[in-house]
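Analysis of the macromolecular model
Chain residues, written in single-letter form:
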Amino acid sequence: MKYYSLNQEAPKVSFKDAVIKGIAPDKGLYFPESITPLPDSFFSSIEDLSNQEIAFNAIHQFVSEEISNEKLRAILKNMLDFDFPVVAIEENIATLELFHGPTMAFKDVGARFMAQCLGHFSEGETTEVTVLVATSGDTGGAVANGFLGVKGVNVVILYPSGKVSDIQERQLTTLGQNITALEVDGTFDDCQKMVKTAFLDPTLLANLQLTSANSINVARWLPQLFYFLFAYKQAKSQGKEIVFSVPSGNFGNICAGIVAQKLGMPAKHFVAATNVNDTVPQFMKTGKYTPKPSTATISNAMDVGDPSNFIRIRHLFQDNFQKLSEHLSSFTFSDDETKQAMKAIYNTSNYIADPHGAVGYLGLKKYQENNPDVYGIFLETAHPVKFLDVVEETIPEKLAIPAQIKKVMNKEKKSIKIATYEGLKDFLMGNAGAKK
């Protein structure tokens, strides 16, 4: 399996090289050269398979030339050691809880897989790899935790100052060791732009082996398809067509779900639910892609004005707007609507949703207005305690602090403040092992 750039102006590379490079020399995202559907028997007997067996079958074709079966099984065993329950909310609506991992966010899956892969590829190598990642919230904590202590890998995380929750900030600024947090005076889009610029900077590339742990990296992005399959395994017995509603920011998560569908998973439709950062909902109305500066919301992990992975989604449908529209809908919701949804879910089901999950719920309800008989699953992408202030001021309940969160609450925050790309470059050249 080779990986090619979506810009079509760079050589094809192996999975290993795609992971280590992060982004192609022509600025394009890497994409697998083929997606071969799994046999029908896999889905007909999926209830009999463990999560690790499901994941092995799903990812094997994408990595088998670089990672042995034995090593792949070991990687999956190490990373899939928590649950992914589908929880009934109301009739024909359930939520897939993705917050039972070490940092209580869905990104634990991709971050751990990538860390395990990069650690494997670094064995016996003398050159250290610098992982450069921008975060709008949960990516930073998941990457920091996944890569903590991995030999041969230094991690540099850029996050927008004042625009992530206190718990999210603590998860990425308190670990130390091979993890450094850079606090950027700006938005997530500014952080992401800096990261993309660094990958194209000849001075940095001459002195550092850079890679990204954002969902632009294939090893972060692809394994997110696992939990759509885990959800299908649990929901199959409902005997209804299944629709997934995904709270969407950078669109890597929902893109991976569509890859699961391309593998043969029987899913009727996907809903990309966004906050007021509505670049994709507008595209689905007009057919014109017009990125814009991001706007801060209470669902901060989705505050993205130019989602990197949407180009992969368009590519999955050969950039055919009609085909895309048959498989994807996208709706936008305000903070007020999000809070009202959190209250409604709590009042009707006694279930506490975080703001992102509430946006996913709203997207599902919107889709079901015209498709009432489908079985809808919205993704609860982070534990509500990670957005403690918003949740507790919205619903009348005091949240218990889980053990995963308690362990970072009293640790000292350590970050380095930067405001420009030059600040990032100076740090990398001076402090991340660059040769002068």
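Just above sits the structure.
Since the structure is predicted, the reported quantities are computational estimates derived from the model, not experimental observations.

Digging into the sheet that holds strand 11 (residues 328-332)
- Pairing is mixed in the open sheet, where 6 strands are placed in the order 3-4-12-9-10-11. The sheet is open, and its two edges are formed by strand 3 (86-90) and strand 11, each paired on a single side. Going across the sheet, the axis of each strand differs from the next one's by a mean of 25°, ignoring polarity.
- Summarising the sheet, strand 4 (residues 93-97) and strand 12 (residues 375-380) pair through 5 bridges and their orientation is parallel. Paired with Thr 95 across the bridge in strand 12 is Phe 378.
- Packing against the sheet, helix 17 (residues 355-368) makes contact with strand 3, strand 4, strand 9 (242-247), strand 10 (269-274), strand 11 and strand 12, and its axis sits at approximately 160° to strand 12.

A closer look at the sheet that holds strand 7 (residues 179-184)
- Strand order in this open sheet of 5 strands is 8-5-6-7-13, and the pairing throughout is parallel. Across the chains shown, the open sheet's two edge strands, defined by having one partner strand only, are strand 8 (209-212) and strand 13 (416-418). The average undirected angle you get between the axes of adjacent strands in this sheet is 30°.
- As judged from the 6 bridges shared by strand 6 (residues 153-160) and strand 7, these two strands associate in the parallel manner. Considered in strand 7, the bridge of Leu 158 is made with Leu 182.

Here's the deal with the packing of helix 4 (residues 69-79) against helix 5 (residues 107-122)
- One can describe the packing of helix 4 onto helix 5 by two numbers: an axis separation of 10 Å at closest approach and a directional angle of 140°. Taken together, the axes of helix 4 and helix 5 are oblique relative to one another. Regarding helix 4 and helix 5, the two cross each other, and that crossing is right-handed. Here Lys 71, Leu 72, Ile 75, Leu 76, Asn 78 and Met 79 of helix 4 come into contact with helix 5, specifically with Val 109, Arg 112, Phe 113, Gln 116, Cys 117 and His 120.

Quick notes on the packing of helix 6 (residues 138-147) against helix 7 (residues 166-173)
- Taken N-terminus to C-terminus, the directions of helix 6 and helix 7 make an angle of 30°; their axes are 8 Å apart at the nearest point. For the element pair helix 6 / helix 7, the angle class is roughly parallel. Crossing of helix 6 over helix 7 shows left-handed handedness. On helix 7, the residues that touch Asp 138, Gly 140, Gly 141 and Ala 144 of helix 6 are Gln 168, Gln 171 and Leu 172.

As for the environment of Ile 20
- Mapped onto the fold, Ile 20 is located in helix 1 (residues 15-21).
- Taking the C-alpha atoms as reference points, Ile 20 and Glu 90, separated by 70 residues in sequence, lie 44 Å from one another.
- When near neighbours in sequence (up to four residues on either side) are disregarded, Ile 20 contacts Leu 118, Phe 121, Gln 209, Leu 210 and Thr 211.

Quick word on the nonpolar core
- Within the largest apolar cluster, 127 residues are counted, with the highest numbers of intra-cluster contacts made by Phe 15, Phe 113, Phe 147, Leu 158 and Phe 226.
- With residues up to four places along the chain from it excluded, the contact list for Phe 226 reads Ala 55, Ala 58, Ile 59, Leu 76, Met 79, Leu 80 and Val 109.
- Membership of the second largest hydrophobic core comes to 36 residues, among which are Ile 93, Ala 341, Met 342 and Ile 395.

Topic: the side chain of Thr 394
- Inspection of the secondary structure assignment puts Thr 394 in helix 18 (residues 388-394).
- By relative accessible area, which is 9% here, Thr 394 ends up buried.
- Ignoring sequence-local partners within four residues, the contact set of Thr 394 consists of Lys 339, Met 342 and Lys 343.

Concerning the pattern of salt bridges
- With the rule as written, the count across this model stands at 13 salt bridges.
- Asp 201 is the salt-bridge partner of Lys 425, the closest N and O atoms lying 3.2 Å from each other. Here Lys 425, found in helix 20 (residues 421-431), pairs with Asp 201, found in the loop between helix 8 (188-198) and helix 9 (202-207); they are 224 residues apart in sequence, far enough to count as distant. Both residues of the pair, Lys 425 and Asp 201, count as buried.
- Taken together, the shared-partner salt bridges connect Glu 169, Glu 183 and Lys 413 into one network.

What about the pairing of strand 12?
- Burial analysis of strand 12 places 6 of its 6 residues in the buried class, which makes it a mostly covered element.
- In strand 12, alternate side chains face the same way, and those of Tyr 375, Ile 377 and Leu 379 on one face and Gly 376, Phe 378 and Glu 380 on the other are all buried.

Re helix 12 (residues 252-262)
- Of all 11 residues in helix 12, 10 are buried, a share of seventy percent or more.
- Listed in full, the buried residues belonging to helix 12 are Gly 252, Asn 253, Ile 254, Cys 255, Ala 256, Gly 257, Ile 258, Val 259, Ala 260 and Gln 261.
- Residue Gly 264 follows helix 12 closely and has a positive phi angle near 115°.

Details of helix 17
- With 14 residues, helix 17 ought to run about 20 Å at 1.5 Å a step, and its terminal C-alpha atoms sit 20 Å apart, in line with that.
- For helix 17, a buried count of 12 out of 14 residues is recorded, marking the element as mostly surrounded by other parts of the structure.
- When helix 17 is considered as a whole, its buried residues turn out to be Pro 355, His 356, Gly 357, Ala 358, Val 359, Gly 360, Tyr 361, Leu 362, Gly 363, Leu 364, Tyr 367 and Gln 368.

Describing the side chain of Lys 107
- Locating Lys 107 in the fold gives a position in helix 5.
- We classify Lys 107 as buried; its relative accessible area is 9%.
- The contact partners of Lys 107, leaving out residues within four places of it in the chain, are Asp 138, Thr 139, Ala 142 and Arg 220.

The rules behind the values
- Residues numbered from 1 in each chain as written.
- Predicted model: local features only at pLDDT ≥ 70, side-chain atom pairs only at ≥ 80, totals over all residues.
- Heavy atoms only, no water.
- Pairing = 2+ DSSP bridges.
- Helix = DSSP H or I, 4+ residues; strand = E, 2+ residues; numbered from the N terminus.
- Axes fitted to C-alpha atoms, helices over the stretch in contact; angles between N-to-C directions.
- Contact = heavy atoms within 4.5 Å.
- Parallel < 35°, antiparallel > 145°, perpendicular 65-115°, else oblique.
- Left-handed = near helix turned anticlockwise from the far one by under 90°.
- Core = buried A, V, L, I, M, F, W, Y, C linked by side-chain atoms within 4.5 Å.
- Buried < 20%, exposed > 50% of the residue type's maximum accessible area, 1.4 Å probe, protein only.
- Salt bridge = Lys/Arg side-chain N within 4 Å of Asp/Glu carboxyl O.
- Expected span 1.5 Å × (residues − 1).

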